[in-house]
Amino acid sequence: VDPTFPARPKLAAHVVARRHLVSTGEGGDAVTLVVLHDLSTGALVQVGAREWGLLAAADGTRDLDGIVLAAAREGAHVRGPALAAFFEQLHAAGMLDDGVIPEREPAPAADDDGAADRPTEPLPGFALWCDGAGSCCRIYASVVFAPVEAARARALAPRVLGGGDRHERVFMPEHGSGPTGGAVVTSCDGRCAYLAETGRCALHEAGGAAAKPLGCATFPATFVDDGQRVRVSVAVECACVLASAERPDRDTPGAALLPEGVRARRHLDPAIAVVELPSHLGIAPGVVASRAEVVAWSRRALTALDELATGVDVAAALIALAAAIDGAGLDAPVAPALAEPPGIAPSLVAPYLAALHRHAEARARKDASWRAPRDLARLAVRWIADATAPLVDAGAVARLLARSPVSQRSELFYARALVHGHQLFGALELTTALRDRAARLLAARALHDHLATLGADEKDPASEHPLALVEAVLRGHGLAAYAEDVPV
Ligand code: SF4
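On a predicted model such as this, the values are computed, not experimentally measured, just so you know. By convention here, each chain's residues receive numbers from 1 onward along its written sequence. Given that the model is predicted, a residue must reach a pLDDT of at least 70 before its local features are reported, and side-chain atom pairs must reach 80 or more before they are shown or counted; all residues, however, enter totals for whole chains, interfaces and linings. Processing note: side-chain calculations cover all non-hydrogen atoms of the structure and skip hydrogens and water entirely.

### Considering the overall build of the protein
- Looking only at helices and strands, one finds 16 helices and 18 strands in the protein.
- Its C-alpha atoms give the protein a radius of gyration of 23 Å, near enough to 23 Å, the size a compact globule of 488 residues would have.
- Projected onto its principal axes, the C-alpha positions of the protein cover 70 × 55 × 55 Å.
- Only protein chains enter the accessibility calculation, which uses a 1.4 Å probe; a residue whose area is less than 20% of its type maximum is buried, one above 50% is exposed, and one in between is partly exposed. Looking at the protein as a whole, 51% of its 488 residues qualify as buried.
- Note on contacts: a residue pair is in contact if any heavy atoms of the two residues lie within 4.5 Å. By sequence separation, contacts in the protein at least 24 residues apart represent 72% of the contacts at least 6 residues apart. Helix and strand definitions follow DSSP, with helices as H or I runs of at least four residues and strands as E runs of at least two, each counted in order from the N terminus. All radius of gyration figures rest on C-alpha atoms, and the globule criterion is 2.2 Å times the number of residues raised to 0.38.

### Remarks on the side chain of Asp 59
- With respect to the helices, strands and loops of the structure, Asp 59 is situated in the loop between α1 (49-57) and α2 (64-73).
- Judged by relative accessible area, which is 16%, Asp 59 ranks as buried.
- Nitrogen and oxygen atoms within 3.5 Å of one another constitute a polar contact, given that in protein one can donate a hydrogen and the other can accept it, and given that sequence-neighbouring residues count only through two side-chain atoms. In this structure the side chain of Asp 59 is engaged in a polar contact, spanning 2.7 Å, whose partner is the side chain of Thr 61.

### Considering the site of the ligand
- For this purpose, a residue is taken to be near a molecule or strand whenever a single non-hydrogen atom of the residue falls within 4 Å of it. Taken together, Cys 137, Val 143, Phe 145, Cys 192, Tyr 194, Leu 195, Cys 201, Leu 203, Lys 212, Pro 213 and Cys 216 make up all the residues around the ligand.
- Looking at the shell around the ligand residue by residue, the classes come out as 10 nonpolar, no polar and 1 charged. Gly falls in the polar group here, along with every residue not listed as nonpolar (Ala, Val, Leu, Ile, Met, Phe, Trp, Tyr, Cys, Pro) or charged (Asp, Glu, Lys, Arg).

### With respect to the sheet that holds strand β14 (residues 230-234)
- At least two DSSP bridges between two strands are needed for those strands to be called paired. Pairing within the open sheet is mixed, and its 4 strands lie in the order β6-β14-β13-β16. Each end of this open sheet is capped by a strand with a single partner; those strands are β6 (120-122) and β16 (275-276).
- When β6 meets β14, the two strands line up parallel, connected through 3 bridges. Looking across to β14, one finds that Glu 121 is bridged to Arg 231.
- Sitting on the sheet, helix α14 (residues 408-420) is in contact with β6 and β14, with an inclination near 150° to β14. Only the contacting stretch of a helix is used when fitting its axis, a line to C-alpha atoms as for every element, and angles between N-to-C directions run 0 to 180 degrees.

### Some details on the sheet that holds strand β8 (residues 144-145)
- What the 3 strands build is an open sheet, ordered β8-β10-β9; its pairing is antiparallel. The sheet is open, and its two edges are formed by β8 and β9 (171-173), each paired on a single side.
- With 3 bridges joining them, β9 and strand β10 (residues 183-185) adopt antiparallel strand pairing. Along β10, the bridge assignment pairs Met 172 with Val 184.

### Observations regarding helix α15 (residues 430-451)
- With 22 residues, α15 should reach 32 Å at 1.5 Å per residue; the first-to-last C-alpha distance of 31 Å fits that figure.
- Of all 22 residues in α15, 20 are buried; the element is thus mostly enclosed. Helices are assigned an expected span. That span is 1.5 Å times one less than the residue count.

### So, the packing of helix α9 (residues 314-328) against α15
- Interaxial distance between α9 and α15 falls to 8 Å at its minimum, and their mutual angle equals 165°. The angle between the axes of α9 and α15 places the two elements in the roughly antiparallel class. For the pair α9 and α15, the crossing hand works out as left-handed. Packed against α9, whose contacting residues are Val 314, Ala 315, Leu 318, Ile 319, Leu 321, Ala 322, Ala 323, Ile 325 and Asp 326, the element α15 presents Leu 430, Thr 431, Leu 434, Arg 435, Arg 437, Ala 438, Leu 441, Leu 442 and Arg 445 at the interface.
- Taken together, the residues of the contact of α9 with α15 break down into 13 nonpolar, 1 polar and 4 charged. Geometric relationships in this document are graded by angle, where less than 35 degrees denotes roughly parallel, more than 145 denotes roughly antiparallel, 65 to 115 denotes roughly perpendicular, and other angles denote oblique. The hand of a helix crossing depends on one turn: near helix anticlockwise from the far one by less than a right angle means left-handed, and clockwise means right-handed.

### Side note on the pairing of strand β4 (residues 44-48)
- Pairing geometry for strand β3 (residues 30-38) and β4, over 5 bridges, is antiparallel. Looking at the pairing, Leu 36 lines up with Val 45 of β4.
- Hairpin connection from β3 to β4: 5 residues lie between these consecutive antiparallel strands, with Gly 42 at a positive phi of about 85°.

### Thoughts on the nonpolar core
- Counting residues in hydrophobic clusters, the biggest one holds 105 residues, and the most contacted among them are Trp 297 and Phe 413.
- Broken down by element, the residue count for this core peaks at 12 residues, all from α15.
- Dropping the residues within four chain positions of it, Trp 297 is found in contact with Leu 321, Ile 325, Leu 330, Val 334, Leu 424, Phe 425 and Leu 430.
- In terms of nonpolar packing, the next biggest core, distinct from the first, is built from 27 residues, Leu 11, Ala 57, Val 68 and Ala 71 among them. Residues belong to one nonpolar core when they are buried, are Ala, Val, Leu, Ile, Met, Phe, Trp, Tyr or Cys, and are joined through side-chain atoms within 4.5 Å.

### Some words on the side chain of His 20
- With respect to the helices and strands, His 20 occurs in strand β2 (residues 15-23).
- One polar contact links His 20 to Ser 187, side chain to side chain, over a distance of 3.2 Å.
- Not counting residues within four places of it along the chain, the set of residues in contact with His 20 comprises Val 31, Thr 32, Leu 33, Val 35, Ser 187, Trp 370 and Arg 371.

### Regarding α14
- The terminal C-alpha atoms of α14 lie 18 Å apart, and with 13 residues this matches the ideal 18 Å at 1.5 Å per residue to within 8%.
- Of all 13 residues making up α14, 12 are buried, and the element is well covered by its neighbours.
- Turning to α14, its buried residues are Gln 408, Ser 410, Glu 411, Leu 412, Phe 413, Tyr 414, Ala 415, Arg 416, Ala 417, Leu 418, Val 419 and His 420.
- In the stretch just after α14, His 422 is the one whose phi turns positive, near 50°.

### Here's the deal with unusual backbone geometry
- Geometrically, the link from Phe 219 to Pro 220 is a cis peptide bond, its omega value of 10° lying close to zero.
- At Leu 161, a position not held by glycine, the phi torsion is positive, near 55°.
- Structurally, the position occupied by Leu 161 is in the loop between α4 (147-156) and β9.
- A relative accessible area of 29% means that Leu 161 is categorised as partly exposed.
- Phi is positive for Asp 189, which is not a glycine, with a value near 50°.
- Turning to its location among the elements, Asp 189 is positioned in the loop between β11 (187-188) and β12 (191-192).

Put into structure tokens, the structure is as follows:
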């Protein structure tokens, strides 16, 4: 007996389980799969509905015998040795925890430093025109509902997967296998279960915009408290975001990022996840800057981006900015680096594009084994893998660098959204993040060219803006980790 095997096993908190209904294309029946995604390693493990019945009974309060009995009550029958063998496999893969681990309390808002009165600062000049094509409801690995949101959804659309009768037919725990605050909705061929065939949200149709979960209602806004302001920006992960940025002057008004009257953090819905910018941030290898220094730098960078001349290559500008910071830290002049960037050396970006291709290709092969052929996530990952495949050749990278951007306006908007929302600060140091984002711009240009070779019936409305597709797939499906795999 493995002495480290948990006495009362449960799925580890770093493992998220998602239920997928996948059309087989044979007779129209859908297969039910549960995919376990280990967020710490990126590993995916597929289990059937019956195995999930066993895991659902493993909530950290039962030993293996208790799990056999609890699962049998829910109709998932298994013999003890078979159950032990299944759980030992999960334990060997690092996917189990022991016992009930208390839910982490959300970090309290720092009232003592005046956080509640902190002014909000939305990305200037942006309003969203949603095209209603439901692209954002078809690309993400999960959509989280708070308990009251899940209950309301089941009441408003009870026939969706029979969720009106039983919560677990349409929702799973947000993470692990024990009870959690949030619940994630089942995916049907990659679509949120509540996305109607018309492309409209069934909850919105039945109960108005307020019936949607908060995450959907606030998408694509991002919220970061930097100690001076709450910066409200956008995730450039939906074709509508770039379509809105491309054509900001329309006859009908677009949706503002913040409702009228939301001028300070205390006016925001308390359930909105406001990210606190850490007190110190990684700038370059071995270089750290204070939060105040980062905020001051971002102001200079935004001014320089606003003044950037038409025709400047944004990818080259981001790389030049990284080089300037490598040399002189955040004190490096921003405007000259952005305004007159030298050409990009192929040898600098080739390792990024090669790493992105490796990650996308590996994921595309896995996806092909279980996702439905028209699942947008499967299509998008395959497109990115195919678009970046030729870029392992130095000549192809040089040709990509020699071509003009598809839209400087979109790329410039992307850079402004990143800087305004402090989105360049996360797992990577700033200089690596700048090079990573430049590589994404180049990958999106290659994706644009690849999509142009596809037939009309192979495309999707989401492919209108390849940069948004690259962004959605990288963050939503764990491919952003590619940048940590670039040899230094
Ligand atoms: S709940 Fe509605 S808006 Fe949210 S992902 Fe599902 S279909 Fe889209």
